[in-house]
Amino acid sequence: MNNYGVKFDLPEELAEKAAQFPESSYGANLVTLVLKDARQVPHVSVAGRSVIKAREASAEALLSSLNPSDIVDVLSEV
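Summarised in this report is the structure supplied together with it. What you are looking at is a predicted structure, and each value in this text was computed from that prediction instead of being measured.

Definitions and limits used
- Residues numbered from 1 in each chain as written.
- Predicted model: local features only at pLDDT ≥ 70, side-chain atom pairs only at ≥ 80, totals over all residues.
- Heavy atoms only, no water.
- Salt bridge = Lys/Arg side-chain N within 4 Å of Asp/Glu carboxyl O.
- Helix = DSSP H or I, 4+ residues; strand = E, 2+ residues; numbered from the N terminus.
- Buried < 20%, exposed > 50% of the residue type's maximum accessible area, 1.4 Å probe, protein only.
- Contact = heavy atoms within 4.5 Å.
- Pairing = 2+ DSSP bridges.
- Axes fitted to C-alpha atoms, helices over the stretch in contact; angles between N-to-C directions.

**Things to note about the pattern of salt bridges**
Counting across every chain of the model gives three salt bridges. Salt-bridge contacts for D37 lead to R39; the nearest nitrogen and oxygen are separated by 2.7 Å.

Structure representation (structure tokens):
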């Protein structure tokens with residue numbers, strides 16, 4: 001499996017929720033990640049269980065240091 005571009009995998013229950021959202025582009029879903037501390041990370045592309053990228057540079061930087069266990073919810077952007 002090629003992991004190019006994959007930041008990390010979502011927890012299983014959140015990946016299943018995101019998979020139910022409408023597709024935004026080529027098998028990916030556009031979501032907002034909701035964190036334990038109530039922060040939100042908008043415009044995040046998820047494909048299957050994998051978090052691929054964020055649209056904004058500040059969100060992309062946050063993804064590189066984010067612990068997946070800090071994500072408590074995903075919200076559809078489509």
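**A word on the environment of P68**
Relative to the elements of secondary structure, P68 occurs in the loop between α2 (57-65) and β5 (71-76). Owing to a relative accessible area of 24%, P68 belongs among the partly exposed residues under this scheme. The contacts of P68, once residues within four sequence positions are left out, are F8, D9 and P11.

**Points about the sheet that holds β5**
Pairing is antiparallel across the open sheet formed by five strands, whose spatial order is β1-β4-β3-β2-β5. Whereas interior strands pair on both sides, the edge strands pair on one side only; in this sheet they are β1 (8-9) and β5. Taken together, the two bridges between β1 and strand β4 (residues 50-54) define a ladder with antiparallel strand orientation. When the sheet's bridge partners are listed, D9 is paired in β4 with S50. The strands that helix α1 (residues 12-19) touches are β2 (29-35) and β5; relative to β5, the one it contacts most, it runs at about 5 degrees.

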